[in-house]
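# Topology and contacts: notes
Listed below are the residues making up each chain.
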Amino acid sequence: MKDNRTLYELLGVRPQATATEVRTGYRLELDALEAQRASLSAQDFNDKVQLLRVAFTTLNDPISRAGYDADLDAAAKAAAALSVGGALATTASVSGARADALGLRADALALRADALMARADIPPSGMGRDGLFSDWSPALRRVVSVSVLLLLVLGVSLGVSRCTTKAAREQMELREAQERRASEQAMLQDYYQTYGVRPANRAEMELMEAERRRKENAERQAATDNRRAEDEQRRWEEESRRRGEEASRNVQQALEAAREEQQRLKFEAEQLALEISLTTNDVDRKRLQLRLRQLKERMKDE
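Conventions adopted
- Residues numbered from 1 in each chain as written.
- Predicted model: local features only at pLDDT ≥ 70, side-chain atom pairs only at ≥ 80, totals over all residues.
- Heavy atoms only, no water.
- Helix = DSSP H or I, 4+ residues; strand = E, 2+ residues; numbered from the N terminus.
- Buried < 20%, exposed > 50% of the residue type's maximum accessible area, 1.4 Å probe, protein only.
- Areas by Shrake-Rupley, 256 points an atom, 1.4 Å probe, with all protein chains shown as cover.
- Salt bridge = Lys/Arg side-chain N within 4 Å of Asp/Glu carboxyl O.
- Axes fitted to C-alpha atoms, helices over the stretch in contact; angles between N-to-C directions.
- Parallel < 35°, antiparallel > 145°, perpendicular 65-115°, else oblique.
- Contact = heavy atoms within 4.5 Å.
- Left-handed = near helix turned anticlockwise from the far one by under 90°.
- Nonpolar A, V, L, I, M, F, W, Y, C, P; charged D, E, K, R; others polar.
- Phe/Tyr/Trp six-rings, centres within 6.5 Å; stacked < 30°, edge-to-face > 60°.
- Expected span 1.5 Å × (residues − 1).
- Core = buried A, V, L, I, M, F, W, Y, C linked by side-chain atoms within 4.5 Å.
- Arc of directions from axis to C-beta.
- Polar contact = N/O pair within 3.5 Å; in protein donor to acceptor, adjacent residues only side chain to side chain.
- Patch = residues over 30% accessible without salt bridge, like charges linked within 9 Å, V, L, I, M, F, W, Y side chains within 5 Å.
- Lys, Arg positive; Asp, Glu negative; His and termini not counted.
- Charge placed at Lys NZ, Arg CZ, Asp CG, Glu CD.

### Quick look at the overall build of the protein chain
- The number of helices and strands found in the protein chain is nine helices and zero strands.
- Ordering the α and β elements of the protein chain from the N terminus gives α-α-α-α-α-α-α-α-α.
- By the burial criterion, 18% of the 302 residues in the protein chain qualify as buried.
- With the model as given, the accessible surface of the protein chain reaches about 21,600 Å², and the carbon-plus-sulfur share is 55%.

### A closer look at the pattern of salt bridges
- All chains considered together, the criterion is met by 21 salt bridges.
- The closest approach of N and O atoms between Arg37 and Glu34, which form a salt bridge, is 3.5 Å.
- Judged by its relative accessible area of 42%, Glu34 is partly exposed.
- Between Lys77 and Asp73 there is a salt bridge whose closest N-O contact spans 3.3 Å. In this pair, Lys77 and Asp73 are both assigned in helix 4 (residues 62-77), four residues apart and thus about one turn of the helix distant.
- Classification of Lys77 as exposed rests on a relative accessible area of 62%.
- Salt bridges sharing common partners tie together Glu261, Arg264, Glu268, Arg291 and Arg298.

### A look at the packing of helix 3 (residues 42-60) against helix 4
- Between helix 3 and helix 4, the shortest axis-to-axis distance is 5 Å and the interhelical angle comes to 105°. Between helix 3 and helix 4, the crossing angle belongs to the class labelled roughly perpendicular. Residues Thr57, Thr58, Leu59 and Asn60 of helix 3 form the contact with helix 4, whose own contacting residues are Pro62, Ser64, Arg65 and Tyr68.

### Quick notes on the packing of helix 8 (residues 202-278) against helix 9 (residues 282-301)
- At a minimum axis separation of 9 Å, helix 8 and helix 9 run at an interaxial angle of 160°. Relative to helix 9, the element helix 8 is oriented roughly antiparallel. As helix 8 packs across helix 9, the resulting crossing turns out to be left-handed. Across the interface between the two elements, Glu261, Gln262, Arg264, Leu265, Lys266, Glu268, Ala269, Leu272, Glu275 and Ile276 from helix 8 touch Arg285, Leu288, Gln289, Arg291, Leu292, Leu295, Arg298 and Met299 from helix 9.
- Looking at the contact of helix 8 with helix 9, its residues break down into eight nonpolar, two polar and eight charged.

### Thoughts on the packing of aromatic side chains
- Evaluated as defined, the whole model comprises three aromatic pairs.
- For the pair Tyr8 and Tyr68, a centre-to-centre distance of 6.2 Å together with 45° between the ring planes defines the contact as tilted. Of the two residues, Tyr8 sits in helix 1 (residues 7-11) while Tyr68 sits in helix 4, which places them 60 residues apart along the sequence. Grouping residues by exposure puts Tyr8 and Tyr68 together as buried.
- An angle of 15° between the planes, with centres 4.5 Å apart, marks the rings of Tyr26 and Phe56 as stacked. You can see Tyr26 sitting in helix 2 (residues 19-35) and its partner Phe56 sitting in helix 3, a full 30 residues away along the chain.
- With a relative accessible area of 14%, Tyr26 lands in the buried category.

### Re helix 3
- An ideal rise of 1.5 Å per residue puts 27 Å on 19 residues; helix 3 measures up with 27 Å between its terminal C-alpha atoms.
- All of the buried residues along helix 3 are Phe45, Asp47, Val49, Leu51, Leu52, Val54, Ala55, Phe56, Thr58 and Leu59.

### Here's the deal with the nonpolar core
- Membership of the largest hydrophobic core comes to 16 residues, with the highest contact counts inside it found for Leu7, Leu11, Val22 and Leu59.
- A per-element tally of this core places helix 3 first, with six residues.
- Setting aside its immediate chain neighbours within four residues, Val22 contacts Leu11, Val13, Ala17, Phe56, Leu59 and Arg65.

### Let's talk about helix 9
- Given a rise of 1.5 Å per residue, 20 residues ought to cover 28 Å, and the 29 Å separating the end C-alpha atoms of helix 9 matches this to within 8%.
- Of all the positions in helix 9, only Leu288, Leu292 and Leu295 are classed as buried. For helix 9, the buried positions fall inside an angular range of 65° around the axis, keeping them on one side. Exposed side chains of helix 9 directed beyond 90 degrees from the buried face belong to Val283, Lys286, Lys300 and Asp301.
- On its buried face, helix 9 sits against helix 8.
- The opening residue of helix 9 is Asn281, an N-cap whose side-chain oxygen sits 3.0 Å from the backbone nitrogen of Val283.

### A word on a negative patch on the surface
- Residues Glu170, Glu173, Glu176 and Glu179 make up a contiguous surface patch of negative charge.
- Along the polypeptide, Glu173 turns up in helix 7 (residues 138-195).
- Judged by its relative accessible area of 47%, Glu173 is partly exposed.

In structure tokens form, the structure reads like this:
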């Protein structure tokens, strides 16, 4: 939230404090801030130190302090006019002491410029007695001062808005990273429940999943090769059995044909023997006996 304290309140002194009290308050606030350094980020610590330095350099110089007191008095008198601009300032979310450092640094630079011009006998901001705006009424000058102050507030608000946008973007990136982490944890848990193995992270899970798929593919290929080998063995056995049966049928048919041929030759031999016993011609008998011997030799060969 924006720090609305005055420079006196930042140093912990009264508006009527002496220069010694201002220096003492500055040292005490620095010591207190140093004691809190461990609990602050480096940026917050540097911003708070810068605030204290701006407050001290402004209040330690009598001329810049007088200008700052005049600004406080004018701001109190112009509270009604600032109410419109205050709504604009309060709508911006400030990122802590960094926005205060920007605003106070601008005030300190303006006051220091007025102090330098006063030391050189130059009217502040060119609005002296004989200056360009010497004929302006006090009311018009207050309106101009309020307008300038509103512009400064608007500039600080824009700067703070940029800081807020950056912080919002960083917050969104952090939330997206957390969502990715949660999604990864859910994925790892599902993998553990499915396969009983808990990988350490997503990269390890992907490696394990790739190895698991490789093993599954290897097992599937091995099973396919085994089935192919079994099918080939079965086809070979069926073909061998078919050929064996065919060979057996051929042998059986050959044996059957041989038996039939033996029966035929035996019957023919009996017929020749009968003819030999009945013939009376020696020539015919010799011819029939020759045929009978040849027939018996064939029977032996069969």
